[in-house]
Amino acid sequence: MAKLELSHVGYVYNPGTEFSSVALEDVSVSFEEHAVTGIIGHTGSGKSTLLQLLNGLLKPTTGQVLLDGQDIHETVKAKLAREMEKAEAEGLRISKRQKKKEIRTELDELRKTLCFRVGLVMQYPEYQLFEETVRKDIAFGPKNMGLSEEEINARIAKVAGIVGLTERHLNKSPFDLSGGQKRRAAIAGVLAMEPEVLVLDEPAAGLDPSGRTSIFQSILEYRKETNATVLIVSHSMEDMAAYCDRVLVMNRGRVFMQGSCRDVFEQSGELEKTGLDVPQVTHLIDLLRSSGIDLPQGIFTVDDAVSAIASRLREGGCS
Amino acid sequence: MKSISLGRYYAADSVIHRLDPRGKIVLTILFIVSTFLAKNVISFALLILFVAALSLLSRVPLSLILRSLRGVTVVIIFAALINLFLTNIDQATFLVEFGEWNGRMYGITVEGLIRSGCMVLRIICLIIGTTLLLTYTMTPIELTDGISNLLHPLMKIHIPVDLFAMMMSIALRFIPTLSEDAERIMNAQKSRGTNFSDGGLIRKARALIPILIPLFVSSFKRGEELAVAMECRCYHSGDDRTRMEVLKWHVRDTLFFLLLIALGAGIVLINIFFAWIPYFTVL
Ligand SMILES: Nc1ncnc2c1ncn2[C@@H]1O[C@H](COP(=O)(O)OP(=O)(O)O)[C@@H](O)[C@H]1O
Ligand SMILES: [Mg+2]
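Peer 1: For this particular structure, what's the right way to read the overall build of chain B?
Peer 2: When you go through chain B residue by residue, the secondary structure sums to 10 helices and 2 strands. Computed over its C-alpha atoms, the radius of gyration of chain B comes to 25 Å, more than 25% above the 19 Å expected for a compact globule of 283 residues. Seen through its principal axes, chain B has C-alpha atoms that stretch 70 × 60 × 40 Å. The buried share of chain B, taken over its 283 residues, is 36%. Long-range contacts, defined as pairs at least 24 residues apart, comprise 77% of the intrachain contacts of chain B with a sequence gap of at least 6. Within the structure as shown, chain B displays about 17000 Å² of accessible surface, and the carbon and sulfur contribution to it stands at 69%. Here chain B contributes 27 positively and 20 negatively charged side chains, and the mean placements of these two sets differ by 5 Å.

Listed below in structure tokens is the structure:
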């Protein structure tokens, strides 16, 4: 079942002014539960806008955002009308006032907990650090959720383990950390809210290779522990191929392509039309194939390439 | 790209846009003086003619020009009412009488109507004229440049005008950047469940801490980076600094200058020669 779904979503910044700009147009996608979906696209293609729609920071100009099948911006009136109609069709008689009250509490609850259920890590999240110590900063989200002291401490210990921060780091001021550590501390602040859907906007941007790997490892570990649905925006095709199950390609505010990594990267011609690229190792394999070396198609990660070439060498008895 | 229009500059290529900023600043002062000199119907007509010509020449859309009045609607209404009801002249011609109070008659008078109309016209001309000259057709950077140029003689008595101008330009340049930063940080903290709207004053103030601290930190960082970048390019203040865009005085600047002198002189002459036309000095 789709955990999160966008249905014909459009978003316009500053509508009705001379600065109005269309960021998204008729976007319909669904994100499967427990899957890791990568979102790629050029700068300005609407990726960040899309992410901000998911946790209610932005409200779509047109269309709906559905979490577990529930429109997150549905009005009490609309939902009541819908439920009453359904009840009538089933021949049930229910009290309208009672139902209205139920729906109101339900939607209020949804709105209040939305940002905890869909945890958004914004681009360059280290800018959001503000507390005296890393520990306090990580506790900020859970505190806003109204969790108990013990629960908060348990969560801090857990996420610190996931992102690889030690006790020593936790007691430091966030401003004394290195760039990569700051990033991990900020991500930990969102993980500590234990969101069902984890959404990250270019989490590895501007980090060195080992920093990148450790961020992605943390994300995968969080998913393994909580079985969360994960969405990652990234510019690196290599990262997409290595960590994601599915890929969504955005272009000029529209969905350009979506599918499994294999489906998307096999269409390198289409991808290149939008100025995007397939992973470099896929290029290499393509070159080898076109020069007559018999290698399988659809290799997107260095590890796969290594094993394919190794087995080819063994078969050929070259070594 | 973003929605922040500082000083509401309207980008267009018009004569008014191309006028020398130094000239425009002085022109604005002359214009303000002229509006206050206008004392009767004919001089107001001249003033309106001038403002209309300025609007047409500037190519700023009428809707935008009228929008500049929105901020002062209250002031205009207040001025109109005060002048309408409190014009205090002997032998006023009453249209409507409200009654006597403290031995004085209150009501709507012909004189009050005229004076209130003049006052409204004066404020409207003043606002439209100054916003056109100073904000719609001049970028904040041009304005700073113009002011620092005009104040340049003060350097002789060791007032660091150029430093102030540089500080001003940098501040203006960074307002959109800071507001973007603020928005981004706000969104990040909202994503962690901060609530800015609920609760009393103290809770609301406390909700600002997670925004203000990161904002200060990033501003200081930006400031430091900018300082280093400027020093790397050998920035220093002082008299021997040349500028990339040297302000040039053109014939059109002289023409506009003469036009405004003519406007001011015209208004003064009209005041003298048509003194019999009724106008009643403000309170
Ligand atoms: N706060 C904003 N105000 C106005 N326009 C914006 C704002 N944020 C983004 N945009 C515009 O929306 C479009 C999509 O931007 P964004 O979602 O940030 O793309 P991406 O994250 O893929 O680079 C761009 O054209 C951008 O100029
Ligand atoms: Mg972005």
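Peer 1: Explanation requested: the interface of chain A and chain B in the structure shown.
Peer 2: Many descriptions give the size of an interface as the accessible area lost when the pieces come together. Residue-level contacts link 21 residues of chain A with 22 residues of chain B. Summed over both sides, the interface between chain A and chain B buries roughly 1900 Å², with carbon and sulfur atoms accounting for 60% of that surface. Viewed at the interface, chain B and chain A are joined by 1 salt bridge. The shortest N-O distance in the salt bridge between Asp 137 of chain A and Arg 192 of chain B comes to 3.1 Å.

Peer 1: Would you mind showing me how to read the side chain of Ser 55 of chain B here?
Peer 2: Residue position: Ser 55 of chain B is located in helix α3 (residues 41–58). At 2.7 Å, the side chain of Ser 55 of chain B and the backbone oxygen of Val 51 of chain B are in polar contact.

Peer 1: I keep staring at the environment of Asn 251 of chain A and nothing clicks. Help me out?
Peer 2: Residues and elements named next belong to chain A. With respect to the secondary-structure elements, Asn 251 resides in strand β9 (residues 246–251). C-alpha of Asn 251 to C-alpha of Thr 274: the two residues are 23 residues apart in sequence and 6.9 Å apart in space. Dropping the residues within four chain positions of it, Asn 251 is found in contact with Ser 45, Phe 256 and Thr 274.

Peer 1: I would appreciate a short explanation of the sheet that holds strand β6 (residues 118–121) of chain A in the present structure.
Peer 2: Residues and elements named next belong to chain A. Across the sheet, 6 strands lie side by side as β6-β7-β8-β3-β9-β10; this open sheet has mixed pairing. Both edges of this open sheet fall to β6 and β10 (254–260), since each of them pairs with a single strand only. Between one strand axis and the next, the sheet turns by 15° as a mean value, whatever way the strands run. The pairing of β9 with β10 spans 6 bridges and is antiparallel. The residue of β10 that forms the bridge with Met 250 is Val 255. Where helix α7 (residues 179–191) meets the sheet, its contacts fall on β6 and β7 (197–201), and the angle it forms with β6 comes to roughly 170°.

Peer 1: I keep staring at the pairing of β9 of chain A and nothing clicks. Help me out?
Peer 2: Working note: regular strand, side chains alternate between the two faces of the sheet. All names here are of chain A. Counting buried residues in β9 gives 5 out of 6 residues, a clear majority hidden from the surface. Where strand β3 (residues 36–41) and β9 come together, 5 bridges link them in parallel fashion. Among the inter-strand pairings, Ile 40 is bridged to a residue of β9, identified as Val 249.

About the thresholds
- Residues numbered from 1 in each chain as written.
- Chains lettered and ligands numbered in written order.
- Predicted model: local features only at pLDDT ≥ 70, side-chain atom pairs only at ≥ 80, totals over all residues.
- Heavy atoms only, no water.
- Helix = DSSP H or I, 4+ residues; strand = E, 2+ residues; numbered from the N terminus.
- Rg over C-alpha atoms; globule rule 2.2 N^0.38 Å.
- Buried < 20%, exposed > 50% of the residue type's maximum accessible area, 1.4 Å probe, protein only.
- Contact = heavy atoms within 4.5 Å.
- Areas by Shrake-Rupley, 256 points an atom, 1.4 Å probe, with all protein chains shown as cover.
- Lys, Arg positive; Asp, Glu negative; His and termini not counted.
- Charge placed at Lys NZ, Arg CZ, Asp CG, Glu CD.
- Buried area = accessible area lost by both parts, 1.4 Å probe.
- Salt bridge = Lys/Arg side-chain N within 4 Å of Asp/Glu carboxyl O.
- Polar contact = N/O pair within 3.5 Å; in protein donor to acceptor, adjacent residues only side chain to side chain.
- Pairing = 2+ DSSP bridges.
- Axes fitted to C-alpha atoms, helices over the stretch in contact; angles between N-to-C directions.

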